[in-house]
Structure formats: structure tokens, C-alpha cells
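Fold and contact review
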Amino acid sequence: LMQMYVKEDLATVKQTFRPFLNCLDQDDPKLAEKINDDYFIRPSNEPYKLDIEPEIDGYDPLAADIIRLVYKTEPVVPRNGFFVDVGSYDGERHSITLDLEYKFGWRGVLVEADPGPFKASLRKNRKALSINTCVGIEPRPHYVNYDLSTALRRNKHYSMGGIVEKKTATTVPMQCLPLYSLLLAAGNPTVNLLVLGIEGAELAVLKTLPWDKVDIEIISLETDLVGLTIPGGSQAEIRSFVESKGYQRFPHRHSPNSLTNLQQNDIFVRND
């Protein structure tokens, strides 16, 4: 067990590293047990503390896309569904899953690597499991360079923080956990919605999943930074990869990215 302190905007935050986890494959029951016991923070039983009361057609446009483009009408939206929200930030701002949780009783897992927004998310009293970790780009826990400031800079435009290839003045070491291990720790349920927006590492993460062992119905996916922050892939490649797993792509509305001048987010709906 190793610990270090990282200076972050909101506070000085303690990071814990468990090197022995790097020896465990992503499907090892010991890893899932460790995540469940020592990493997951349980859903809050306290009333929400939100800055804005969620509304279906005014709170988050990407959530509205899931409701309007996929389910078509509110009565068709499943009650008590399950989500996994990777890159959940502060649990409210730009949150696709908050509407589903607040209005339709969904539960799930909120995954955020940056300690500052993660701590802010806990103050919102979300009704989901929460975990402060990056998701891995390898099929077992491993260390990465994580830029807390921005994963990509272009002129005056910046992405959010994320995994990067090289160590710089704004990177910190992080120990990432595989997405599949997080699913196993949560009981490997049917995932009605997977949200994956992690600034360019999406394809590498998706390639670690054993697709024949997971049940994911809808994916809301950031695609435009693939290949720009860590080596490997492109927007075309990640779209083709997910489609090869039996999904049909629909572009999210209103999501061009001034950083890349590309469509930023896509919805993938499983063909069955």
C-alpha cells in the first residue's frame, strides 16, 4: 500500500496505490471484491443537494437525446434502470445520468478520476455507487500519467483532464482499474446505459471488455478525441469497432467540439 498527496484545485487529496492489484487479471474475483469493499462509496440516503433541479428537456441535452431519440417518449423509459457513467465529473454539470436517476429511479455507478470534481460529486448526494478512479486501458490494473489540467491543448481550446502518453508538469501518476472489473464489483448487471467520456482513451478502454460477458444496451460515447491524447485509433475506428459489436450509431444532437471541429459524441444502440 502506497499513498501520495496531489495538489488539486479544491484541496490537497490523498491518493492510494495498491501495487499488488496490478498482478490481478480484470476478471479475478479478488479484484472485484477489493473494489467493492475498499473503493466503492455507497449511494447517499440524504436529500439531493443540486444547483439546478433536473428537467428532462432543459437540463442536459445529451440526456434528452437518450430519452427522445432512443426511448422516443418518457413513458417508455425504463424505471429503475442501471447506468455506468465513466467521466461523471461533479455528478451534476453535463451529467447524462442525473436525469435518469432523478426522474426515473435509475441507479448505477459514477466513475470520476479527478479528485476535485469527485469530491464535489459526493456533495450532490447522488443515489449511485461512486468511485474515484481512472478506467484502465489494459485488462488489469496499471499506472498511467493523468493530466489533471487538460488531456489536449489546441490554440485557445482545451479538453478536460485525462490519460496522456507522457509525463509533464501537470500530470500525476494514477492507478487505473479495468472497466470490466468495476462491472463485476457491481454484480455485472444489465447496463441500460454506459456513458464513456474520458478524453481520448475510449477505444482503448472498450477493447479491454470481454463483450461476450457483458450486457450493455446503449452507449453514449465521446469519439472525437480518440487518437489525439494517447496513441491508437481515430473517430472512424472507434465507431467501426462499436458497430462490429452489434450496435447501430446515431449522432448526439448539438455536440460539435470546437477543439476538434468534429461531432463530439455518438449514441450506440444494440441491434437486439
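Reading the values: rules and limits
- Every chain is numbered on its own, with residues counted from 1 as its sequence reads.
- Local features are withheld for residues below a pLDDT of 70 in this predicted model, meaning they are given only at 70 or higher, and side-chain atom pairs are given and counted only at 80 or more; totals for whole chains, interfaces and linings count all residues.
- Where side-chain values are given, they derive from all heavy atoms of the structure, hydrogens and water being excluded.
- Under the scheme used here, helices are H or I runs from DSSP no shorter than 4 residues and strands are E runs no shorter than 2 residues, and both carry numbers assigned from the N terminus.
- Relative accessibility under 20% of the residue-type maximum defines a buried residue, over 50% an exposed one, and the middle range a partly exposed one, all with a 1.4 Å probe and only protein chains included.
- Throughout, a contact is declared for two residues whenever any of their heavy atoms are within 4.5 Å.
- Accessible surface area values rest on a Shrake-Rupley calculation with a 1.4 Å probe, where residue burial reflects the displayed protein chains alone.
- When DSSP finds two or more bridges between two strands, those strands count as paired.
- Axis definition: a line fitted to C-alpha atoms, limited for helices to the stretch in contact. Angles are taken between N-to-C directions and run from 0 to 180 degrees.
- Only centres within 6.5 Å qualify two rings of Phe, Tyr or Trp (six-membered ring in Trp) as a pair; their planes then separate them into stacked at under 30 degrees, edge-to-face at over 60, and tilted for everything else.
- For this quantity, the arc is that covered by the directions from the helix axis to the C-beta atoms.
- As a per-residue measure, pLDDT tells how confident the predictor is, with possible values from 0 to 100.

Broken down by element type, the protein carries seven helices and 16 strands. Scored against the burial criterion, the 272 residues of the protein give a buried share of 54%. Nonlocal contacts in the protein, meaning residues at least 24 apart in sequence, comprise 69% of its contacts between residues at least 6 apart. Of the roughly 12500 Å² that the protein leaves accessible, carbon and sulfur atoms contribute 49%.

Pairing is antiparallel across the open sheet formed by three strands, whose spatial order is S9-S6-S10. Among the strands making up the open sheet, the edge pair consists of strand S9 (162–164) and strand S10 (171–176). In this sheet, neighbouring strand axes are inclined to one another by 55° on average, regardless of whether the strands run parallel or antiparallel. Looking at chain direction, strand S6 (residues 142–147) and S10 are connected through six bridges and run antiparallel. Bridging from a neighbouring strand, Asp 147 pairs with Thr 171 of S10.

Structurally, Asp 266 is set in strand S16 (residues 265–270). Contacts of Asp 266, omitting those with residues within four sequence positions, involve Ile 219, Ser 220, Leu 221, Thr 223, Arg 239, Arg 249, Phe 250, Pro 251 and His 252.

Relative to the helices and strands, Leu 179 resides in helix H5 (residues 179–185). Sequence-wise, Leu 179 and Pro 141 are 38 residues apart; in three dimensions their C-alpha atoms are separated by 9.8 Å. In contact with Leu 179, other than residues within four places in its own chain, are Val 84, Val 86, Leu 194, Val 205 and Leu 209.

Looking now at the packing of aromatic side chains. The geometry of an aromatic ring pair is captured by the separation of the ring centres together with the interplanar angle, meaning the angle of the planes. Under the criterion given, the structure shown has four aromatic pairs. Between Phe 17 and Tyr 143, the ring centres sit 5.7 Å apart and the planes meet at 65°, which makes this aromatic pair edge-to-face. Of the two residues, Phe 17 is situated in strand S2 (residues 12–17) and Tyr 143 in strand S6; the sequence distance between them amounts to 126 residues. Of the residues examined, Phe 17 reaches a relative accessible area of 6% and is grouped as buried.

Non-glycine residue Asn 188 carries a positive phi angle of around 45°. What makes Asn 188 partly exposed here is its relative accessible area of 26%. Not every positive phi belongs to a glycine, and Glu 199 is a case in point at roughly 60°. By the element assignment, Glu 199 lies in the loop between strand S11 (193–196) and helix H6 (202–206). Here Glu 199 falls in the buried class, since its relative accessible area comes to 7%.

What follows concerns helix H7 (residues 235–244). Turning to H7, its buried residues are Gln 235, Ile 238, Arg 239, Phe 241 and Val 242. Along the axis of H7, the buried residues cluster in a sector spanning 160°; they form a single face. Residues Ala 236 and Ser 244 are exposed on H7 and point more than 90 degrees away from its buried face. Phi for Gly 246, located one or two positions after H7, is positive at around 100°.

Once that is clear, we can look at the confidence of the model for the protein. On average, residues of the protein score 90 in pLDDT, and 89% of them reach the 70 mark or higher. Scored below 50 in pLDDT, residues 5–11 shows 21 contacts in the model against residues more than four places distant or in partner chains.

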